[in-house]
Amino acid sequence: MSVYTTLSQADMEALLAQFDLGELLSFKGIEAGIENTNYFVTSQQQACVLTVFEHHQSDEVREFVRFALHLGSKGLLVPAPIADRQGQWLHTVHGKPAILCPLLQGHHISAPGDDHCYAIGAALANLHLAAADLAQERTDPRGFDWWQSMHASLGQSLSSDEQNLLADEVAHQRQQRAQWHELPQGWIHSDLFHDNALFVDNEQGAEVGAILDLYNACQGPWLYDLAIVANDWCCAANGQWHDGLVEALKAGYQSVRPFTDAEQAGWSLVLRAAALRFWLSRLLTQQLQQQQGGEMALQKDPAEYRDKLLLRRQSNNA
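The model shown is predicted, which means the values in this text are computed figures rather than measured ones.

Definitions and limits used
- Residues numbered from 1 in each chain as written.
- Predicted model: local features only at pLDDT ≥ 70, side-chain atom pairs only at ≥ 80, totals over all residues.
- Heavy atoms only, no water.
- Helix = DSSP H or I, 4+ residues; strand = E, 2+ residues; numbered from the N terminus.
- Buried < 20%, exposed > 50% of the residue type's maximum accessible area, 1.4 Å probe, protein only.
- Contact = heavy atoms within 4.5 Å.
- Areas by Shrake-Rupley, 256 points an atom, 1.4 Å probe, with all protein chains shown as cover.
- 1 Å grid on protein atoms, 1.4 Å probe; cavity = no way out; pocket = protein on both sides within 12 Å on 5 of 7 lines; lining within 4 Å.
- Points joined across faces, edges and corners; volume = space filled by probe spheres on them.
- Nonpolar A, V, L, I, M, F, W, Y, C, P; charged D, E, K, R; others polar.
- Pairing = 2+ DSSP bridges.
- Axes fitted to C-alpha atoms, helices over the stretch in contact; angles between N-to-C directions.

**Let's talk about the overall build of the protein chain**
Next, step 1: When helices and strands are counted, the protein chain shows 10 helices and nine strands.
Next, step 2: Based on the C-alpha atoms only, the size of the protein chain along its principal axes is roughly 60 × 45 × 35 Å.
Next, step 3: When the 318 residues of the protein chain are sorted by exposure, 53% land in the buried category.
Next, step 4: Restricting the contact set of the protein chain to residue pairs at least 6 apart, pairs at least 24 apart contribute 74%.
Next, step 5: Accessible surface computed for the protein chain: about 14100 Å², of which carbon and sulfur atoms make up 47%.

**As for the layout of surface pockets**
Empty space among the atoms becomes visible once a probe the size of a water molecule is rolled across them.
Next, step 1: Each pocket or cavity is described by its volume, and for the second largest pocket that value is around 300 Å³.
Next, step 2: Along the walls of the second largest pocket sit 16 residues, with Asp140, Gly143, Phe144, Arg177 and Gln219 positioned nearest its centre.
Next, step 3: Looking at the lining of the second largest pocket, its residues break down into six nonpolar, six polar and four charged.

**Things to note about the sheet that holds strand E1 (residues 24-29)**
Picture the strands of a sheet paired through backbone hydrogen bonds; they go either parallel or antiparallel.
Next, step 1: Here five strands make up an open sheet; going across it, the order is E1-E2-E3-E5-E4 and the pairing antiparallel. This sheet does not close on itself; its edge strands, each paired only once, are E1 and strand E4 (91-93). Shown here is a sheet whose adjacent strand axes are inclined to one another by a mean of 35°, direction ignored.
Next, step 2: Here three bridges tie E4 to strand E5 (residues 96-102), and the two strands are oriented antiparallel to one another. The residue of E5 that forms the bridge with Thr92 is Pro97.
Next, step 3: Along the sheet, helix H1 (residues 9-16) makes contact with E1, strand E2 (37-43), strand E3 (47-52), E4 and E5, crossing E1 at roughly 120°.

See the structure below:
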């Protein structure tokens, strides 16, 4: 959600003129995130977020939105686009697909506690179950096959030790492929970092207000989705677990959908895989950002997930 496509006042006014939202009052680029261009847009009638998709085609965006609309029909608070006067919600800005969504209420948290982890665990389980009857499928574009095909080229700038670590972990995951097939599967968010959730104030404790950024949603093991959350919400940047957070996350999830025996046995495997996936993804993003620049491109260090992978491997071996 950095700014790669810079939009002018005239660009914003031309886009907004297609909607029944009144005149443009203000707009501002959003720095958080790394892949798409996002702006806060305020009109006379509504506060919105404009997303310009930098790496997705229009057909892919339609898939994301079908997913969001399906979750919304089940009562989940997720961003869904606003239709213009012609009933169209998918637009083109500077030759790229774009959508305008209402600004959802709530606030981000910078340091999740056990109550936040319990709440997001339960919310993720509800998302998994709510999407279970959605017929459309989408293969994970950065899943198992992608790890196998991309690790060598993405690791070219790394040290020999790091390249060996990547190759060894990819080989380990390939050897455990049968265990992956035993895990319950379905639609997953696949990018539920703590900056992709909003919380609302509640005297009874933390309450998830909305789950954001559904643009990586795809098919995958539900436990793997939870491991992605754990590797961001429940530990420090160096990978060290914070006391009690993983336990709270898993308890929240299982309050809605208990683990199967295969999931109980597969936790260490998916934690390693989730760390591998985001090490590779950040290496790719680093390359893309160097190629295309960005007015407010947020930099995320790939080495963070290298370190997390090392710790998850050590814990698994222990």
